[in-house]
Amino acid sequence: MKITLEEAARMVADAQTVILTSHIRPDGDSVGSTLGLMHYLREQGKDARVLIDDEIPRIFGVLPGVEQIARPAEGARYTADLLIVCDVELKRTGAVLDAVDAVRVLNIDHHVTNDEEAEYLYLNPDDAATCEIMYDLIRAMDGGFSLDAATCFYTGIATDTGFFRFSNTTPHTMRAAADLIEIGVKPNIIAVAMEMKSYDEVMAQVRAIRNLEMFYDGRVAAVFIDEERAKDVTTTEGILDKLRVIEGTQVVFFMKWLEPDTYRVSMRSKGTNVSRIAQGFGGGGHIRAAGCTLHGSFDEAKKTILAAIGEELNR
């Protein structure tokens, strides 16, 4: 059931024990929104914690309290007045949903592809990031922002807008970011941390990009990472940013081996609706940034995603 921001704010304000979670393969917005709201709730005297069923990338070590994010222990049970699922629909939270016994479940998201299956859902696709929603949520509760919470929220807004370069950046996005900076957030520190990679990671990405392929008369650029290459490419963070600058491209993507007959696809576009492509394979995201998982052999997966992209380009 969809609810208003004010209704979501009342649910959060009324809860005393809160568990926050987000999607597997966490990014800046998922970590920032859960961790930032955890800080705010604790500052209000509430019992709040973050459970995410995946490893947290080390670049988020700059965020205050990140070491307190836990992965649900096998067989463990957790109870709460309220489970808040941030930045994703419920089904992509891994083991968390089954491990938590909550009186109520609230889903807060900005992805237009959200399946709307949550008991209570606040969805605003006009916001660039779930952290932008969190900014409004706390203001709706007449709350303020500590530096810890502000740092987390700023990180999610910055990363989901490509540091304010993407088309989802709005005047409201910039005003929210400016307010958080006035509290004391250091944009340069966040930017450097988010871009940091080890030498081995940089070289692995160089090797991956060397295998760049172009399709559909240069409108599509892609990197395919099979099982052998995946041993070296431990992170794909930043690959699409390198491909986006290629003149004439409409869609850029990578396809990476995850496990036998399973591949992760992440896409970016300059206007083509890649969320529609992702939804066709059970994935989701935004019109210009989306992802999905494909099953089958490497050749089958490659052929399938290229065909789907070609069909969308020719709509």
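Basis of the calculations
Residues numbered from 1 in each chain as written. Predicted model: local features only at pLDDT ≥ 70, side-chain atom pairs only at ≥ 80, totals over all residues. Heavy atoms only, no water. Helix = DSSP H or I, 4+ residues; strand = E, 2+ residues; numbered from the N terminus. Expected span 1.5 Å × (residues − 1). Buried < 20%, exposed > 50% of the residue type's maximum accessible area, 1.4 Å probe, protein only. Arc of directions from axis to C-beta. Contact = heavy atoms within 4.5 Å. Pairing = 2+ DSSP bridges. Axes fitted to C-alpha atoms, helices over the stretch in contact; angles between N-to-C directions. Core = buried A, V, L, I, M, F, W, Y, C linked by side-chain atoms within 4.5 Å. Phe/Tyr/Trp six-rings, centres within 6.5 Å; stacked < 30°, edge-to-face > 60°. Lys NZ or Arg CZ within 6 Å of the ring centre and 35° of its normal. Disulfide = S-S within 2.5 Å.

We now examine helix α6 (residues 171-183). Between its terminal C-alpha atoms α6 stretches 19 Å, which fits the 18 Å expected from 13 residues at 1.5 Å a residue. All of the buried residues along α6 are T173, A176, A177 and L180. Down the axis of α6, the smallest arc covering the buried residues is 95°, so these residues share one side. In α6, the exposed residues that point more than 90 degrees away from the buried face are P171, R175 and E182. Tucked inside the fold, the buried residues of α6 contact α4 (130-140) and α5 (147-160).

What follows is about the sheet that holds strand β8 (residues 251-259). What the six strands build is an open sheet, ordered β6-β7-β8-β9-β11-β10; its pairing is mixed. The two strands at the open ends of the sheet, each matched to only one other strand, are β6 (213-215) and β10 (284-285). On the sheet, helix α12 (residues 298-313) packs against β6, β7 (220-225), β8, β9 (262-269) and β11 (289-295) and is oriented at approximately 155° with respect to β8.

One finds L20, L37, I84, L106, L137 and L180 to be the most contacted residues of the largest nonpolar core, which totals 53 residues. The element that contributes the greatest number of residues to this core is α5, accounting for seven residues. Aside from chain neighbours lying at most four places away, what touches L180 is Y135, F145, A150, F153, Y154, I157 and V185.

What follows deals with the packing of aromatic side chains. Applying the stated criterion across every chain yields a total of seven aromatic pairs. Plain terms: the ring middles of Y154 and F164 are 6.1 Å apart, the flat faces sit at 50° to each other, and that makes the pair tilted. Here Y154 is found in helix α5, whereas its partner F164 is found in the loop between α5 and α6, with ten residues between them in sequence. Note on Y154: relative accessible area 3%, which makes it buried. Classification of F164 by relative accessible area gives partly exposed; the value is 23%. Ring centres 6.1 Å apart and planes at 90° place the aromatic pair F215 and F224 in the edge-to-face group. In this pair, the class of F215 matches that of F224, namely buried. The rings of F215, F224, F253, Y263 and F298 are connected pair by pair, giving a single aromatic cluster. Geometry around F224 places K302 over its ring, the cationic atom sitting 4.6 Å from the centre.

Turning our eyes to something else, we now look at the environment of Q16. With respect to the helices and strands, the residue Q16 is situated in the loop between α1 (5-14) and β1 (17-21). Residue class for Q16 comes out partly exposed when judged on its relative accessible area of 44%. Between the alpha carbons of Q16 and Q44 there is a distance of 9.5 Å; along the sequence they are 28 residues apart.

Here a disulfide denotes one covalent bond, and it connects the sulfur atoms of two cysteines. Counting across every chain of the model gives zero disulfides. Sulfur of C152: no disulfide; nearest cysteine sulfur belongs to C131 and is 7.8 Å away. For C152, a relative accessible area of 0% translates into the label buried.

In short, geometric facts, not functional conclusions.
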